[in-house]
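Survey of secondary and tertiary structure
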Amino acid sequence: ADGLNTRAVAAGKEYFGSATDNGELTDTAYVTGLSNTADFGQITPGNAMKWDTIEPSRGTFSYTKGDAIVALAQKNGQKVRCHTLVWYSQLPSWVKTGGFDNATLISILKNHITEEVTHFKGQCLHWDVANEALNEDGTYRSNVFYDTIGPAYLPIAFATAALADPDAKLYYNDYNIESAGAKSTAAQNIVKLVQSYGAKIDGVGMQAHFIVGSTPSQAAQTTNINAFVALGVEVAITELDIRTTTPATAAAVTQQAKDYAATVGACKAVAKCVGFTIWDYTDKYSWIPSVFSGQGAALPWDADLVKKAEVYDAILNAWGSA
Ligand code: G3I
């Protein structure tokens, strides 16, 4: 059947997918849409694999939520992008404010990664090993790992994940790295840093949380993706959504359709842009309104699970024929 995933695959990509979350899985109409593999060949758990869910207290691991999403994907025959091992947010306070010294925090980091990656071994096409390690100006973001261990926490994390699941592709994932600039350059430097330690890094995830009418041009995104590919890594669009003031005007939806098509076109243009994920598929479950008040309408399906034909068709057409 024709759909977003079918078209992406026809264009040479591994998948078109969506994020999801455990609380949404009791919504049967929603799950039916998510499980339609013509549209979605891949799932990312939006929260279920983060540190606070997986290891809420030291040495106690809880995989129920992550397992539920992996099981759904397997039942549907969908790939899973596993998200995320090392992030300053949704990090339990026992890690954040534990006051651990360098050696102890390294061992906590390695243990967390080894346990979690081993648990999901063979089930993750990608792992977002590290998420959002950078400030907007390209400096490292202060977090307990950077502040205690220094930038070496990144190569340590990648090397540890590679040992636990040699077949998963290991990604660095961040936002505002989708066009050239200080932050994109810094993300390229993270790739080089990890490589310089002899650790494996396979890809970079461009989150792509965009705003209608001010998303980078297709050409700017293509050039930027190529800059990463030149370092020997692949790229995936990992969390695309394009928000606007709500309720969205007809003009905003028309612009949004063009903006979605620009990112699809950029990924299509680069063979090593391997996959494409939107950060949930319906406005019903988007994270945007709770964080950006008065904004939303960011996804191709509205809050009633109705497809926005203009946006959906723009994505289809940007991938090209089936
Ligand atoms: O689970 C609790 C629930 O028990 C409680 O009653 C409720 C009350 O607020 O909160 C629930 O937790 C929320 C959680 O999502 C699960 O729904 C948190 O408050 C909320 O902050 C959390 O938001 C998530 C956000 O990451 C946190 O930073 C979003 O769902 C998730 O979509 C979002 O995803 C991130 C990516 O991981 C990284 N890139 C940016 C992206 C968007 O922020």
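Please read these numbers as outputs of a predicted model, since none were measured by experiment.

In terms of regular secondary structure, the protein chain is built from 13 helices and 10 strands. Against the 2.2 N^0.38 benchmark of 20 Å for 322 residues, the protein chain shows a C-alpha radius of gyration of 19 Å, consistent with a compact globule. When burial is assessed residue by residue, the protein chain has 57% of its 322 residues classed as buried. Here the contacts in the protein chain between residues at least 6 apart in sequence split such that 80% fall between residues at least 24 apart. Counting every atom, the protein chain has about 11900 Å² of accessible surface; 52% of that belongs to carbon and sulfur.

Take the packing of helix α6 (residues 102-119) against helix α8 (residues 153-164) next. Working note: a packed helix pair is described by the angle between its axes plus the distance between those axes. For the pair α6 and α8, the least separation of the axes is 9 Å and the interaxial angle reads 35 degrees. Considering only the axes of α6 and α8, their crossing is right-handed. Counted together, Ile106, Leu109, Lys110, Ile113, Thr114, Val117 and Thr118 of α6 and Tyr153, Ile156, Ala157, Thr160, Ala161 and Ala164 of α8 form the full contact between these two elements. Across the contact of α6 with α8, the residue classes tally to nine nonpolar, three polar and one charged.

As a further point, take the UniProt feature "active site" (unreviewed entry) in the protein chain. The positions that UniProt labels "active site" (unreviewed entry) are, in the present scheme, Glu239. Residue placement: Glu239 occurs in strand β8 (residues 234-245). For Glu239, a relative accessible area of 4% translates into the label buried. Separated by 3.0 Å, the side chains of Glu239 and Asn173 make a polar contact.

Following the criterion strictly, the structure yields two disulfides and no others. Between the sulfur of Cys82 and that of Cys124 lies a disulfide, 2.1 Å long from S to S. As the torsion about the S-S bond is roughly -80 degrees, the Cys82-Cys124 disulfide counts as left-handed. Taken together, the residues Cys82 in strand β3 (residues 79-86) and Cys124 in the loop between α6 and β4 (126-131) connect sequence positions 42 residues apart. This pair shows no difference in class: Cys82 is buried, exactly as Cys124 is.

A negative phi holds for most residues other than glycine; trans holds for most peptide bonds. The omega angle of the peptide bond from His83 to Thr84 is 0 degrees, so this bond is cis rather than trans. Considering the arrangement of structural elements, one finds Thr84 in strand β3. Of note, the bond from Thr246 into Pro247 is cis; its omega dihedral lies within 30 degrees of zero at -5 degrees. Assignment of secondary structure puts Pro247 in the loop between β8 and α11 (250-269). The phi angle at Glu132 is positive, at roughly 55 degrees, despite the residue not being glycine. Within the secondary structure, Glu132 sits in the loop between β4 and α7 (144-149). Non-glycine residue Asn176 carries a positive phi angle of around 60 degrees. The partly exposed category is assigned to Asn176, whose relative accessible area is 38%.

Glancing now at the site of the ligand. The environment of the ligand is formed by 14 residues, the closest being Asn47, Lys50, His83, Glu132 and Glu239. Note that an oxygen atom of the ligand is positioned 2.7 Å from one of the side-chain N or O atoms of His83. Measuring from a nitrogen atom of the ligand, one finds a side-chain N or O atom of Glu239 at 2.7 Å. For the ligand, the accessible surface in isolation is 790 Å², of which the surrounding protein chains cover 46%. Split into classes, the residues belonging to the shell around the ligand amount to three nonpolar, seven polar and four charged.

What follows is about the environment of Ala133. Note on placement: Ala133 falls in the loop between β4 and α7. On the accessibility criterion, Ala133 (1% relative accessible area) is buried. On a C-alpha basis, the gap between Ala133 and Asn173 in space is 8.6 Å, while along the polypeptide they are 40 residues apart.

Quick notes on the rules
Residues numbered from 1 in each chain as written. Predicted model: local features only at pLDDT ≥ 70, side-chain atom pairs only at ≥ 80, totals over all residues. Heavy atoms only, no water. Helix = DSSP H or I, 4+ residues; strand = E, 2+ residues; numbered from the N terminus. Rg over C-alpha atoms; globule rule 2.2 N^0.38 Å. Buried < 20%, exposed > 50% of the residue type's maximum accessible area, 1.4 Å probe, protein only. Contact = heavy atoms within 4.5 Å. Areas by Shrake-Rupley, 256 points an atom, 1.4 Å probe, with all protein chains shown as cover. Axes fitted to C-alpha atoms, helices over the stretch in contact; angles between N-to-C directions. Left-handed = near helix turned anticlockwise from the far one by under 90°. Nonpolar A, V, L, I, M, F, W, Y, C, P; charged D, E, K, R; others polar. UniProt positions renumbered as here; feature names shortened; annotations may be inferred. Polar contact = N/O pair within 3.5 Å; in protein donor to acceptor, adjacent residues only side chain to side chain. Disulfide = S-S within 2.5 Å. Near = heavy atom within 4 Å.

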